[in-house]
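Letter by letter, the chains look like this.
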Amino acid sequence: MNKKLIGPATGYVDMLMYEIVENAKKESRFQRTPIRPSAAGKCPRELYYELEQFLGKASYPPREMEAETHLLLNLGHHIERHLIEHFRRHFSVAEVKYTQQTLDFGEIKSIDNDTFKQHLEGSLDLCLVSNKFKCVIDVKSKGDSYDFKSRKYKWEADSNKLAMMSSVQSLSDRAFWVDNLDDFLDELQDPFFEANFLQLNMYLNSDFIKNRGLDHGAIIQYHKSKSKLREIRFRPSTTVFEKVKNKFQDVINAVSNNSPATLDAPYEPTNFKSKYCDACKLKLPGSCAVVNKETKK
């Protein structure tokens, strides 16, 4: 059949996806500092190269992502707003407060006071506040996949893992309590999930939060395809907080001295962290993938 096409010869979705990628190329990844709570779980070597670029001390090939990845990353912001709205409308037990509140952790600077100086800041998602409890919440969207070996979906497998951990107390099949964050992170052995707790724990250790009596946090995971929810509630840790602040300070000092070798290179080339690290993908000289591969030779 040779019927005349109505509309453009190119698909609307094809044009949209093309422009998403092209616009992303024009936007600098380093318009804001990489030293922030959302980067609490990043590898020191990865942060080193990101800070170098932010300060204009180096330039590396830009990370290229498919349009689908950009859409997926942006979806997390909408899911966060979606869940906040449901807490506002349907949660009568406490009031939703301090959404997107900016938290200041004080000035952080390089040892020479010239290379880098800024206030360490981050913004939380929401807090639930009542006369009985005060909780800081971070919303994380999460996908799912089927593991044919265990014959379980990953969401279900993760819940089972939490229920079996000695550092975790099950409150229900979708709610868990962690009394000692240090022990929990040692037992967890999941750097991606760990990063969520490192970020929220920073918020819990801010003066703004402590001065208002907010004394615990909760990661709430949102299943992107089934709208399931899972809560991991925990008591904050000052030792975990200090470790993250010290890591940030070490990275800043290393960039000031042009010395990435002074930083830990914690991940092997085959580790998932290395596979998702820009520095490792580009095989930059001081990245974990390169350093640890050369060490084994």
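Look a little higher up for the structure.
It should be emphasised that the depicted structure is a prediction, and the values quoted were computed from it without experimental measurement. (Residues numbered from 1 in each chain as written. Predicted model: local features only at pLDDT ≥ 70, side-chain atom pairs only at ≥ 80, totals over all residues. Heavy atoms only, no water.)

**Some details on helix H3 (residues 67-90)**
- Taking 1.5 Å of rise per residue, 24 residues should cover 34 Å, and H3 covers 35 Å from first to last C-alpha, within 8% of that figure.
- Structurally, H3 contributes buried residues whose contacts are with helix H1 (12-26), strand E1 (95-97), strand E4 (126-129), strand E5 (134-142), strand E10 (216-223) and strand E11 (229-234). (Helix = DSSP H or I, 4+ residues; strand = E, 2+ residues; numbered from the N terminus. Expected span 1.5 Å × (residues − 1). Contact = heavy atoms within 4.5 Å.)

**Remarks on a nonpolar patch on the surface**
- A grouping of Tyr146, Phe148 and Tyr153 is seen on the molecular surface, where their side chains present a nonpolar patch of about 360 Å² in accessible area.
- Residue position: Phe148 is located in the loop between strand E6 (146-147) and strand E7 (152-153). (Patch = residues over 30% accessible without salt bridge, like charges linked within 9 Å, V, L, I, M, F, W, Y side chains within 5 Å. Areas by Shrake-Rupley, 256 points an atom, 1.4 Å probe, with all protein chains shown as cover. Salt bridge = Lys/Arg side-chain N within 4 Å of Asp/Glu carboxyl O.)

**Looking at the sheet that holds strand E8 (residues 168-172)**
- What the 7 strands build is an open sheet, ordered E1-E4-E5-E10-E11-E9-E8; its pairing is mixed. Both outer strands of the open sheet, E1 and E8, are each paired with one neighbouring strand and no more. Across the sheet, the mean angle from the axis of one strand to that of its neighbour is 25°, orientation sign disregarded.
- Examined bridge by bridge, E5 and E10 share 8 bridges and lie parallel to one another. Within E10, the position partnered with Val136 by the bridge is Gly217.
- In the packing of helix H4 (residues 154-164) onto the sheet, the strands contacted are E5, E8, strand E9 (175-178), E10 and E11, and the crossing angle to E11 comes to about 25°. (Pairing = 2+ DSSP bridges. Axes fitted to C-alpha atoms, helices over the stretch in contact; angles between N-to-C directions.)

**Let's talk about the pairing of E8**
- Relative to E9, E8 runs antiparallel, the two sharing 4 bridges. Residue pairing for E9: Gln169 is matched across the bridge by Trp177.
- Linking two consecutive strands that pair antiparallel, namely E8 and E9, is a turn of 2 residues.

**Overview of the packing of aromatic side chains**
- Tallied over the full model, the rule gives 7 aromatic pairs.
- An angle of 80° between the planes, with centres 5.2 Å apart, marks the rings of Phe87 and Phe91 as edge-to-face.
- By relative accessible area, which is 13% here, Phe87 ends up buried.
- Classification of Phe91 by relative accessible area gives partly exposed; the value is 27%.
- Ring centres of Phe197 and Phe234 lie 5.4 Å apart, and the angle between their planes is 65°; on these two criteria the pair is classed as edge-to-face. Here Phe197, found in helix H6 (residues 191-204), pairs with Phe234, found in strand E11; they are 37 residues apart in sequence, far enough to count as distant. Exposure class is identical for Phe197 and Phe234. Each is buried.
- Pairwise contacts between aromatic rings join Phe184, Phe193, Phe197 and Phe234 into one cluster.
- The side chain of Arg212 reaches across the aromatic face of Phe208, ending 3.6 Å from its centre. (Phe/Tyr/Trp six-rings, centres within 6.5 Å; stacked < 30°, edge-to-face > 60°. Buried < 20%, exposed > 50% of the residue type's maximum accessible area, 1.4 Å probe, protein only. Lys NZ or Arg CZ within 6 Å of the ring centre and 35° of its normal.)

**Section: the packing of helix H2 (residues 44-54) against helix H8 (residues 238-256)**
- Where H2 contacts H8, the axes come no closer than 9 Å and their chain directions differ by 50°. Taken together, the axes of H2 and H8 lie oblique to each other. For H2 against H8, the interelement crossing comes out right-handed. Contacts from Pro44, Leu47, Tyr48, Leu51 and Glu52 of H2 reach H8 at Lys247, Phe248, Val251, Ile252, Ala254 and Val255.
- For the contact of H2 with H8, the class distribution of residues is 9 nonpolar, no polar and 2 charged. (Parallel < 35°, antiparallel > 145°, perpendicular 65-115°, else oblique. Left-handed = near helix turned anticlockwise from the far one by under 90°. Nonpolar A, V, L, I, M, F, W, Y, C, P; charged D, E, K, R; others polar.)

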